[in-house]
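Spelled out, the chains give:
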Amino acid sequence: KKKKNNFEKVTDKNLKVAVLIISSTNTENKRWKMEKEIWKKYMNKNKNIDCYFIECDNFNNVDIKNNLIKSKCKDSLIPGIYHKTLLSLKQIQDKYDFYIRTNLSTFINLDNLLYQIEKIKKEKYIYTGIIGHITDNNLNLKYVSGMSMVINNNIVKLLLKYGFPEKYYNSKLHDDVVIGQVFQDNFKDLINSYEIEWRYDLTDTKITESIFNQIDKKKIPFIRCINKDINIGKKNLESLVSRYHPE
């Protein structure tokens, strides 16, 4: 059963959050197709949060009804994900207080997400989540993982102002690392974890009551399902939806 929490008591009714989910027009990939269907079961469950699949196409369009943002770009891991992230943000800039960047295989506990955002929302610049550190490719920088990235509108404005030069836009690095590079090059250090446990990584194992208890106790927003076995991944995602966002 879904456990009641008090997030509605602390959530600012005017707070608006956009969740951008890396997606693709590719309908051949069975895993992506399955994960997309799981998302559709709960992505419209919270009135403070609008969720969008972000995809490359040959035009720009925001389709709120179908939870979809299309951007004029070419789909690829590098630099395609960076392109559709920036172009999607550009289309909905200033419409939300917070923007979340995630992927299809990551489940979001929407209630926990709002709970954690409430704790930090007064900060001027918010660029947070799971922090990584890269020291190769002649780089030494910190960045926030693109599977559970939390940024506010002020950060979006900076990213859109400084993130389009060729050095970044057509970089050979992964999108989340490039975003970290944009901020380090131009602002030195904007990252802060706020000592929040943002994500639980669920590998090839069945989700248990003990894991649910950890998620509940620490109010973890992101649960990343890293499963080689698509059937285990599907069962875990369905269990998470059933527990936290039942139909």
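What comes next is a walk through the structure.

Cut-off values and rules
Residue positions within a chain follow its written sequence, with the count starting from 1. Side-chain atom pairs in this predicted model are given and counted only at pLDDT of 80 or more, local residue features only at pLDDT of at least 70, and totals for whole chains, interfaces and linings cover all residues. Side-chain numbers here rest on the full set of heavy atoms in the structure, without hydrogens or water. Numbering of helices and strands starts at the N terminus; helices are DSSP runs of H or I of at least 4 residues and strands are runs of E of at least 2. Radius of gyration here is computed from C-alpha atoms only, and the compact-globule reference equals 2.2 Å multiplied by the residue count raised to the power 0.38. Think of it in three bands: with a 1.4 Å probe and only protein chains considered, a residue is buried below 20% of the maximum accessible area for its type, exposed above 50%, and partly exposed in between. Residues count as neighbours in contact if any of their non-hydrogen atoms are within 4.5 Å of one another. Accessible surface is estimated by sampling points in the Shrake-Rupley manner with a 1.4 Å probe; for residues, cover comes only from the protein chains shown. Positive charges come from Lys and Arg, negative ones from Asp and Glu, while His and the chain ends are left out of the count. To locate a charge, take atom NZ for lysine, CZ for arginine, CG for aspartate or CD for glutamate. Expected span of a helix: the number of residues minus one, times 1.5 Å. Along the arc lie the directions from the helix axis toward the C-beta atoms. Here a polar contact is recorded for every N or O atom pair within 3.5 Å, except that within protein the pair must consist of a potential hydrogen donor and a potential acceptor, and residues adjacent in sequence are included only if both atoms are side-chain atoms. Any two strands between which DSSP finds at least two bridges are classified as paired. Here an angle of 0 to 180 degrees is reported between the N-to-C directions of two axes, which are lines fitted to C-alpha atoms, with helices fitted over the stretch in contact. We define a nonpolar core as any set of buried Ala, Val, Leu, Ile, Met, Phe, Trp, Tyr and Cys residues linked to one another through side-chain atoms lying within 4.5 Å. A 1.4 Å probe that fits into a set of points on a 1 Å grid over the protein atoms alone but cannot get out defines a cavity; an open set with protein on both sides within 12 Å along at least five of seven lines defines a pocket, and lining residues are those with an atom within 4 Å of a point. Grid points are joined across faces, edges and corners, and a volume is the space filled by probe spheres set on the points. Lys, Arg, Asp and Glu make up the charged group, whereas Ala, Val, Leu, Ile, Met, Phe, Trp, Tyr, Cys and Pro make up the nonpolar group; the residues left over, Gly among them, are polar.

Bringing the overall build of the protein into the picture now. Tallying secondary structure elements over the protein gives 9 helices and 10 strands in all. The C-alpha radius of gyration computed for the protein amounts to 17 Å, which stays within 12% of the reference 18 Å derived for 247 residues, consistent with globular compactness. Along the first, second and third principal axes, the C-alpha atoms of the protein reach 50 × 45 × 35 Å. Here the protein holds 247 residues, and the buried ones make up 53% of them. Taking as baseline every contact in the protein between residues at least 6 positions apart, the subset at least 24 positions apart corresponds to 71%. Approximately 12500 Å² of the protein is accessible, and the part contributed by carbon and sulfur atoms is 47%. Averaging the locations of the 43 positively and 30 negatively charged side chains of the protein gives two centres separated by 3 Å.

To continue, consider helix H9 (residues 230–244). Taking 1.5 Å as the rise per residue, H9 with 15 residues should run 21 Å; its terminal C-alpha atoms sit 21 Å apart, in good agreement. Considered for burial, the residues of H9 that qualify are Gly233, Asn236, Leu237, Leu240, Val241, Arg243 and Tyr244. Down the axis of H9, the buried set is contained in an arc of 170°. They therefore lie on one face. At the N-terminal boundary of H9, the capping side chain belongs to Asp229, with an oxygen 2.8 Å from the backbone nitrogen of Asn231.

With that out of the way, let us pick up helix H7 (residues 175–187). Taking 1.5 Å per residue as the helical rise, H7 with its 13 residues ought to reach 18 Å, and the 18 Å between its terminal C-alpha atoms agrees with that figure. Along H7, the residues classified as buried are Asp175, Asp176, Val177, Val178, Ile179, Gly180, Gln181, Val182 and Phe183. Among the structural elements, helix H3 (80–92), strand S5 (98–103), strand S7 (127–134), strand S8 (141–152), helix H5 (153–162) and helix H6 (166–169) are those in contact with the buried residues of H7. One or two positions beyond H7, positive phi appears at Lys188, with a value near 70°.

Strand order across the open sheet formed by 7 strands is S3-S4-S2-S1-S5-S8-S7, with mixed pairing between neighbours. Edge positions in the sheet fall to strand S3 (61–63) and S7, since each of these pairs with one other strand and no more. Neighbour-to-neighbour, the strand axes of this sheet turn through a mean angle of 30°, independent of strand direction. With 6 bridges joining them, strand S1 (residues 17–22) and strand S2 (residues 49–57) adopt parallel strand pairing. The partner of Val17 across the bridge, within S2, is Ile49. Against the sheet, helix H4 (residues 110–120) engages S1, S2, S5 and S7, with an angle of about 125° to S1. Each of S5, S7 and S8 touches H7; the most contacted strand, S8, lies at about 105° to it.

Take the environment of Ser148 next. By the secondary structure assignment, Ser148 is in strand S8. Ser148 sits in the buried class, given a relative accessible area of 0%. As for Ser148 and Asn66, which are separated by 82 residues in sequence, their C-alpha atoms are 22 Å apart. Apart from the residues lying within four places of it in its own chain, the contact partners of Ser148 are Arg101, Thr128, Gly129, Ile130, Arg199 and Phe222. A polar side-chain atom of Ser148 sits 3.3 Å from a polar atom in the side chain of Arg199.

Right, let's talk about the nonpolar core for a bit. Judged by nonpolar contacts, the single largest core of 42 residues is most densely connected at Val17, Val19, Trp39, Ile100, Ile108, Leu113 and Leu240. Those residues within four positions of Ile108 in sequence are excluded, and the remaining contacts are Val19, Trp39, Tyr42, Ile100, Thr102, Leu113, Pro221, Phe222 and His245.

Here we come to the layout of surface pockets. In this structure, the largest pocket encloses a volume near 660 Å³. Breaking the lining of the largest pocket down by element, the ones donating at least two residues are helix H2 (30–42), H3, S5, S8, H7 and strand S10 (222–225). When its residues are assigned to classes, the lining of the largest pocket shows 8 nonpolar, 9 polar and 9 charged.

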